[in-house]
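Descriptive analysis of the structure
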Amino acid sequence: MYGQNPKTERARSILITGCSSGIGYHAAHALKARGWHVFATCRQEQDCARLRNEGLDSFRLDYTDTDSIRGAMAQVLEVTGGKLDALFNNGAYAIPGATEDLPTDALRALFETNLFGWHELTRQVLPVMRAQGHGRIVQNSSVLGLAALKWRGAYVATKFALEGLSDVLRLELAGTGIHVCLIEPGPITSRIRENSIPHFETWIDWKNSPRADQYRESLLARLYDKREPDFFELPPEAVTRRLIHAIEARRPKPRYYVTTPTRLLGSIRRVLPTRALDWILGKL
């Protein structure tokens, strides 16, 4: 029965990161409604307080803070009696800008949140899942983990790395009862654009860039101007549907493509030569 562990009849439990808005927020509420015991974490305590007022079990988890990761896991295990059925690694951010304008320290900071923190939390979860003999680790990747686009070099680098690390982890955990799945969203309604603005302003000195005119002509408008949703943009519930399958199906898929651009790029990158793919991506 969905939402229940047939061996113990206890509510299945899931730890979700990045629940302050967007994909994580929707998934937390939807899974709670399905009977899951949801631990909805956020980086900021004020967001956790808001989620607690909405009826969710919420506390801080900051991917860049080891003590925060360990403390969050301790809270989960205290409540569940040492069990955890699923982990949804979701919290991430972007630093838009030309790759040549991206300071290496900015790239290091992004990897701390978008990859290293995910790896550290996953390593905390794995002994629990091994001991109980089952578990689901779901990684929220991106269409940018499949194909590169201009102005997104930092984010693309973290997602390409996540894809490879998750593929290896899936191979290494074969036969353990622990499944590793990647979700590939594409354009989903969220606050990632707005949330990237302070990071862009902190790290990218675009006015002194040799590409300053290109920033004015393209990136700045897309970053700062209010706009209509992208043509293929879907609401967060589209991701939640794939997440539900990944954590509840007997045989979850290794990858879940969510939007039309993800499915298209996932297909054409396998059949087109690099120059042809570069020509297409260069137009986006």
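Above this note sits the structure.
Residues numbered from 1 in each chain as written. Predicted model: local features only at pLDDT ≥ 70, side-chain atom pairs only at ≥ 80, totals over all residues. Heavy atoms only, no water.

1. Thoughts on the overall build of the chain
- Summing up its helical and strand segments, the chain has 10 helices and 7 strands in all.
- With respect to the principal axes defined by its C-alpha atoms, the chain has extents near 60 × 45 × 35 Å.
- Each of the 284 residues in the chain was classed as buried or not, and the buried ones make up 49%.
- Across the chain, every contact between residues at least 6 apart in sequence was considered, and the portion connecting residues at least 24 apart equals 68%.
- With the model as given, the accessible surface of the chain reaches about 14200 Å², and the carbon-plus-sulfur share is 52%.
- One finds the centroid of the 38 positive side-chain charges in the chain at a distance of 7 Å from the centroid of its 31 negative side-chain charges. (Helix = DSSP H or I, 4+ residues; strand = E, 2+ residues; numbered from the N terminus. Buried < 20%, exposed > 50% of the residue type's maximum accessible area, 1.4 Å probe, protein only. Contact = heavy atoms within 4.5 Å. Areas by Shrake-Rupley, 256 points an atom, 1.4 Å probe, with all protein chains shown as cover. Lys, Arg positive; Asp, Glu negative; His and termini not counted. Charge placed at Lys NZ, Arg CZ, Asp CG, Glu CD.)

2. Considering the packing of aromatic side chains
- For the structure on display, the rule yields 6 aromatic pairs.
- Ring centres of Phe200 and Tyr215 lie 6.2 Å apart, and the angle between their planes is 40 degrees; on these two criteria the pair is classed as tilted. One end of the pair, Phe200, is in helix α6 (residues 192-203); the other, Tyr215, is in helix α7 (residues 212-224), and 15 residues separate them in sequence. Neither residue differs from the other here; Phe200 and Tyr215 are each classed as buried.
- When the centroid spacing of 6.1 Å and the interplanar angle of 40 degrees are considered together, the rings of Trp206 and Tyr215 count as tilted.
- The exposure class of Tyr215 is buried, given its relative accessible area of 0%.
- Members of the aromatic cluster, each reached through a chain of ring pairs, are Trp151, Phe200, Trp206 and Tyr215. (Phe/Tyr/Trp six-rings, centres within 6.5 Å; stacked < 30°, edge-to-face > 60°.)

3. Description of α6
- Compared with an ideal rise of 1.5 Å per residue, which puts 12 residues at 16 Å, α6 spans 17 Å between its outermost C-alpha atoms and is within 8% of the ideal.
- Three or more residues of α6 are buried, namely Arg193, Ser196, Ile197 and Phe200. All buried residues of α6 lie within an arc of 130 degrees about the axis, which places them on one face of the element.
- Among the structural elements, α7 are those in contact with the buried residues of α6. (Expected span 1.5 Å × (residues − 1). Arc of directions from axis to C-beta.)

4. A short note on the sheet that holds strand β1 (residues 13-16)
- Spatial ordering of the open sheet is given by β3-β2-β1-β4-β5-β6-β7, a layout of 7 strands whose pairing is parallel. Looking along the sheet, the strands with just one partner apiece sit at the ends: β3 (57-60) and β7 (255-257). Going from strand to strand, the sheet's axes swing by 20 degrees on average, the running direction of each strand aside.
- Relative to β1, helix α1 (residues 22-33) is tilted by about 165 degrees, and along the sheet it contacts β1, β2 (37-42), β4 (86-89) and β5 (135-140).
- Packed onto the sheet, helix α2 (residues 45-53) meets β2 and β3 and runs at close to 175 degrees relative to β3. (Pairing = 2+ DSSP bridges. Axes fitted to C-alpha atoms, helices over the stretch in contact; angles between N-to-C directions.)

5. Some words on the pattern of salt bridges
- Summed over all chains, the structure comprises 13 salt bridges.
- Here Arg170 ties to Asp167 by a salt bridge, and the two come within 2.9 Å at their closest N and O atoms. Of the two residues, Arg170 and Asp167 are both situated in helix α5 (residues 153-172); the distance of 3 residues between them amounts to about one turn of the helix.
- Arg170 gets classed as partly exposed once you look at its relative accessible area, which sits at 24%.
- Taken together, the shared-partner salt bridges connect Glu163, Asp167, Arg170, Glu184 and Arg255 into one network. (Salt bridge = Lys/Arg side-chain N within 4 Å of Asp/Glu carboxyl O.)

6. Some words on the packing of helix α3 (residues 66-80) against helix α4 (residues 104-132)
- Viewed as axis vectors pointing N to C, α3 and α4 meet at an angle of 30 degrees, and their least axial separation amounts to 10 Å. As far as their axial angle goes, α4 and α3 are roughly parallel. Helix-helix and strand crossings are classified by hand; for α3 and α4 the assignment is right-handed. When α3 is examined against α4, the residues Thr66, Ile69, Arg70, Met73 and Leu77 are found in contact with a partner set consisting of Gly117, Glu120, Leu121, Gln124, Val125 and Val128.
- For the contact of α3 with α4, the class distribution of residues is 6 nonpolar, 3 polar and 2 charged. (Parallel < 35°, antiparallel > 145°, perpendicular 65-115°, else oblique. Left-handed = near helix turned anticlockwise from the far one by under 90°. Nonpolar A, V, L, I, M, F, W, Y, C, P; charged D, E, K, R; others polar.)

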